[in-house]
Amino acid sequence: MYLVRSALNRSRHIQISVGGGLKTRTISMEERYYTAADYHDHFNPNAYLNTYYSDPDGHPDDAGILPFIMEQLHKLFYKEGVSGDRLIDIGSGPCVYSFVSACNNFKEIIASDYIEVNRKATRQWLNKEPGCFNWKPIIERVCSLEGHSNIAEKEKKMRETIKDVIHCDVHQSNPIAGSPYKDPFDCVLTLCCLESVSTTKESYIQALKNVTSLLKSGGTFFQFVQPFRSYTVGDKKFAGVLFDQKFLEDAPLQASLTDMKFAIKRNTSDRGSTLEFEFGMTIVAKKI
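Here is a short report on the structure shown in this document. (Residues numbered from 1 in each chain as written. Predicted model: local features only at pLDDT ≥ 70, side-chain atom pairs only at ≥ 80, totals over all residues. Heavy atoms only, no water.)

A separate point is a positive patch on the surface. Together, Lys 75, Lys 79, Lys 261 and Lys 286 make up a positively charged patch on the protein surface. Note on placement: Lys 286 falls in strand S12 (residues 279–287). (Patch = residues over 30% accessible without salt bridge, like charges linked within 9 Å, V, L, I, M, F, W, Y side chains within 5 Å. Areas by Shrake-Rupley, 256 points an atom, 1.4 Å probe, with all protein chains shown as cover. Salt bridge = Lys/Arg side-chain N within 4 Å of Asp/Glu carboxyl O. Lys, Arg positive; Asp, Glu negative; His and termini not counted. Charge placed at Lys NZ, Arg CZ, Asp CG, Glu CD. Helix = DSSP H or I, 4+ residues; strand = E, 2+ residues; numbered from the N terminus.)

Turning our eyes to something else, we now look at the pairing of strand S3 (residues 84–89). As a general feature of sheets, a regular strand has side chains that alternate between the two faces. The pairing of S3 with strand S4 (residues 106–113) spans five bridges and is classified as parallel. By the bridge assignment, Ile 88 is partnered in S4 with Ile 110. Across three bridges, the pairing between S3 and strand S6 (residues 185–191) is parallel. Directly across from Leu 87, in S6, lies its bridge partner Cys 187. (Pairing = 2+ DSSP bridges.)

Time to look at the packing of aromatic side chains. Following the criterion strictly, the structure yields 18 aromatic pairs and no others. Relative to Tyr 48, the ring of Phe 43 lies with its centre 5.5 Å away and its plane at 50°, an arrangement referred to as tilted. In textbook terms, an aromatic cluster arises when at least three aromatic residues are bridged by ring pairs, as seen for Phe 43, Tyr 48, Tyr 52, Tyr 53, Tyr 97, Phe 133, Trp 135, Phe 228, Tyr 231 and Phe 238. Note that Arg 86 overlies the ring of Phe 185, its terminal NZ or CZ placed 4.0 Å from the centroid. Seen from the ring of Phe 279, Arg 266 lies directly overhead, with NZ or CZ sitting 5.9 Å from the centre. (Phe/Tyr/Trp six-rings, centres within 6.5 Å; stacked < 30°, edge-to-face > 60°. Lys NZ or Arg CZ within 6 Å of the ring centre and 35° of its normal.)

What follows is about unusual backbone geometry. Unlike most non-glycine residues, Lys 128 shows phi in positive territory, near 55°. Mapped onto the secondary structure, Lys 128 falls in the loop between helix H4 (116–126) and helix H5 (136–145). Taking relative accessible area as the criterion, Lys 128 reaches 60% and is therefore assigned exposed. Non-glycine residue Asp 259 carries a positive phi angle of around 55°. Residue placement: Asp 259 occurs in strand S10 (residues 257–266). Under the relative-accessibility criterion, Asp 259 is labelled exposed at 53%. (Buried < 20%, exposed > 50% of the residue type's maximum accessible area, 1.4 Å probe, protein only.)

Here it is, written out as structure tokens:
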């Protein structure tokens, strides 16, 4: 999870009665969409987690996206057995759910995010600090997919395997420059990240290239991408940008990736005030 855009305002439109008919008028009150200019000061990881991850079924406006992601990660790591020595998640946000299925398949997992409050939230869970977010319902759902109920054992394995929580910046040619990790990784994850950081197709492609540069030849790349108009965290609304499906499917070819596999989850809900999007998609690929 990662946003870098300038703050903007969007006017609201209302319908008023004029001579018995309806007429649309733009009113002067404008709704502020928070972005990079306010991100360090206004993003609240606790509100984000409580809104979108308290229920393993996800937020009602999310149209089943969270279970979809968990099922795709379960398929990749549990059913298909993708494994290796080292995995990194770029743009983890304050989240650890992407590691539930992966923790048994790797010796080391590295979490990363751009802002410190998100990294702090992850460390709080790793250290079992009072007030840390309760990931048990999410972990229980994944354990159910694996056919067991060993939640405590799974949590223990996650905490043992997640070795570090570091800064990342997908704008940099090396997104984890300054970290002690110099060798390429066996697996790179990035969920809900690149579509948030990128305001143009060119910047998206460059960010994708930067992230995949961390992957060794033959390594596995997993991405969940969810182009969105906006999403709400607490009382703040963060602006997004919509990329079309064909562009997202073609983009990996420009980042030295091959053998792409796609899975699509479309938003068929008529809800959407908290999270406004059209579809989400997983991309699994190999590094050339």
